[in-house]
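# Structural description and commentary
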Amino acid sequence: NAGVTQTPKFRILKIGQSMTLQCTQDMNHNYMYWYRQDPGMGLKLIYYSVGAGITDKGEVPNGYNVSRSTTEDFPLRLELAAPSQTSVYFCASTQDRGAGNTIYFGEGSWLTVV
Amino acid sequence: DAKTTQPNSMESNEEEPVHLPCNHSTISGTDYIHWYRQLPSQGPEYVIHGLTSNVNNRMASLAIAEDRKSSTLILHRATLRDAAVYYCILRDRGNQFYFGTGTSLTVIP
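Below: a short report on this structure. (Residues numbered from 1 in each chain as written. Chains lettered and ligands numbered in written order. Predicted model: local features only at pLDDT ≥ 70, side-chain atom pairs only at ≥ 80, totals over all residues. Heavy atoms only, no water.)

### Comments concerning the overall build of chain A
For chain A, the helix and strand inventory stands at 0 helices and 11 strands. Radius of gyration (C-alpha) of chain A: 13 Å, near the 13 Å computed for a compact globule of 114 residues. When its C-alpha atoms are laid out on the principal axes, chain A stretches across 40 × 30 × 25 Å. For chain A, buried positions account for 46% of its 114 residues. Element-wise, carbon and sulfur atoms account for 50% of the exposed surface of chain A, whose accessible area totals about 5300 Å². A gap of 8 Å separates the mean positions of the 9 positive and 9 negative side-chain charges of chain A. (Helix = DSSP H or I, 4+ residues; strand = E, 2+ residues; numbered from the N terminus. Rg over C-alpha atoms; globule rule 2.2 N^0.38 Å. Buried < 20%, exposed > 50% of the residue type's maximum accessible area, 1.4 Å probe, protein only. Areas by Shrake-Rupley, 256 points an atom, 1.4 Å probe, with all protein chains shown as cover. Lys, Arg positive; Asp, Glu negative; His and termini not counted. Charge placed at Lys NZ, Arg CZ, Asp CG, Glu CD.)

### Notes on the state of the cysteines
All names here are of chain A. One pass over the structure, following the stated rule, counts 2 disulfides over all chains. For Cys23, the disulfide goes to Cys91, at an S-S distance of 1.8 Å. Disulfide Cys23-Cys91: torsion about the S-S bond near -75°, hence left-handed. Separated by 68 residues along the polypeptide, Cys23 in strand β3 (residues 19-25) and Cys91 in strand β9 (residues 87-94) bring together distant segments of the chain. (Disulfide = S-S within 2.5 Å.)

### Remarks on the pattern of salt bridges
Applying the stated rule across the entire model yields 6 salt bridges over all chains. Several salt bridges share partner residues, and in doing so they unite Arg37(B), Glu45(B) and Asp82(B) into one network. (Salt bridge = Lys/Arg side-chain N within 4 Å of Asp/Glu carboxyl O.)

### Observations regarding the packing of aromatic side chains
Counting across every chain of the model gives 13 aromatic pairs over all chains. Seen from their ring centres, Tyr87(B) and Phe99(B) are 5.3 Å apart, and the 80° between their planes marks the pair as edge-to-face. One end of the pair, Tyr87(B), is in strand β8 (residues 84-91); the other, Phe99(B), is in the loop between β8 and β9 (103-108), with 12 residues separating them in the sequence. According to the relative accessible area criterion, Tyr87(B) is buried, its value standing at 1%. Members of the aromatic cluster, each reached through a chain of ring pairs, are Tyr33(A), Tyr35(A), Tyr48(A), Phe90(A), Phe105(A), Tyr36(B), Tyr46(B), Tyr87(B), Phe97(B) and Phe99(B). A cation over a ring is seen here: Arg68(A) above Phe74(A), with NZ or CZ 6.0 Å from the ring centre. (Phe/Tyr/Trp six-rings, centres within 6.5 Å; stacked < 30°, edge-to-face > 60°. Lys NZ or Arg CZ within 6 Å of the ring centre and 35° of its normal.)

### Looking at the sheet that holds strand β8 (residues 76-78) of chain A
Residue and element names in this part refer to chain A. Ordered in space as β1-β3-β8-β7, the 4 strands form an open sheet in which the pairing is antiparallel. Two strands close off the open sheet at either side, each with one partner strand: β1 (4-7) and β7 (64-66). The average undirected angle you get between the axes of adjacent strands in this sheet is 20°. Here β1 runs beside β3; their pairing, made up of 4 bridges, is antiparallel. Residue pairing across strands places Gln6 opposite Cys23, the latter belonging to β3. (Pairing = 2+ DSSP bridges. Axes fitted to C-alpha atoms, helices over the stretch in contact; angles between N-to-C directions.)

### A word on the interface of chain A and chain B
When the parts come together, some accessible area is lost, and that loss is often what is quoted as the size of the interface. Chain A puts 24 residues into the contact, and the matching count from chain B is 22 residues. Of the roughly 1800 Å² buried at the junction of chain A and chain B (both faces included), carbon and sulfur atoms supply 57%. Run the count over chain A and chain B and you get 0 salt bridges. At the surface where chain A touches chain B, the tally comes to 10 residue pairs in polar contact (both at pLDDT 80 or more). Looking at the side of chain A that touches chain B, the elements that each hand over two or more residues are β4 (31-37), β5 (43-51) and β9 of chain A. With 4 residues, β4(A) is the largest single contributor of residues to the side of chain A that touches chain B. (Contact = heavy atoms within 4.5 Å. Buried area = accessible area lost by both parts, 1.4 Å probe. Polar contact = N/O pair within 3.5 Å; in protein donor to acceptor, adjacent residues only side chain to side chain.)

### A few points about the sheet that holds strand β4 (residues 45-50) of chain B
Residue and element names in this part refer to chain B. An order of β1-β9-β8-β3-β4 is seen for the 5 strands of this open sheet, with the pairing classed as mixed. Sheet topology places β1 (9-13) and β4 at the edges, where each strand pairs with a single neighbour. Strand-to-strand twist of the sheet, defined as the mean angle between neighbouring strand axes without regard to direction, takes the value 25°. Sheet topology places β8 next to β9; 3 bridges connect them, and they run antiparallel. Bridging from a neighbouring strand, Ala84 pairs with Leu105 of β9.

What follows is the structure, given as structure tokens:
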């Protein structure tokens, strides 16, 4: 059972570089999310999508971009990486807007900006 | 979105029950109460959720106060593998999942 798959697992970026974190889910979920988690802190919502072609900002969207061209994929783009973007990034998905639905997470992507 | 309040940390002895509290005094009538946990270096995983009635599953029990302003996650026999951060989250229909800082549970052998 693949569930939510994120790549890469680890990455070191230099300041000013750009990169894309990939996220794929095989559960045919409509809703997908990107969170970041700084050391010792809870998860902060970056962007979310309620379906292909629809994305919206979460709590901390600055410095990031997303797209949702298919139901399965929800990549997160970091433009001009900054040290403040050093964090662990989690992709997640849930079926739809139902309040009782479960959210499923990927294993995380550890990003360091130096 | 309605907010939740949890203690920052708790300790429990192995093999003993653990009661993790969560206050949500501004909960709306349609908010579901979700509990997730995050093991070290992993993404959060589902534990249990409920609306009004108490719920049981193989992992835990969820006790919801009659006025729904608080809830308690019950681990019946804590094991070392239960050491994690536990998040209490409210979700209404169409809203997103917002995570606070949770309760860090330490299990003492």
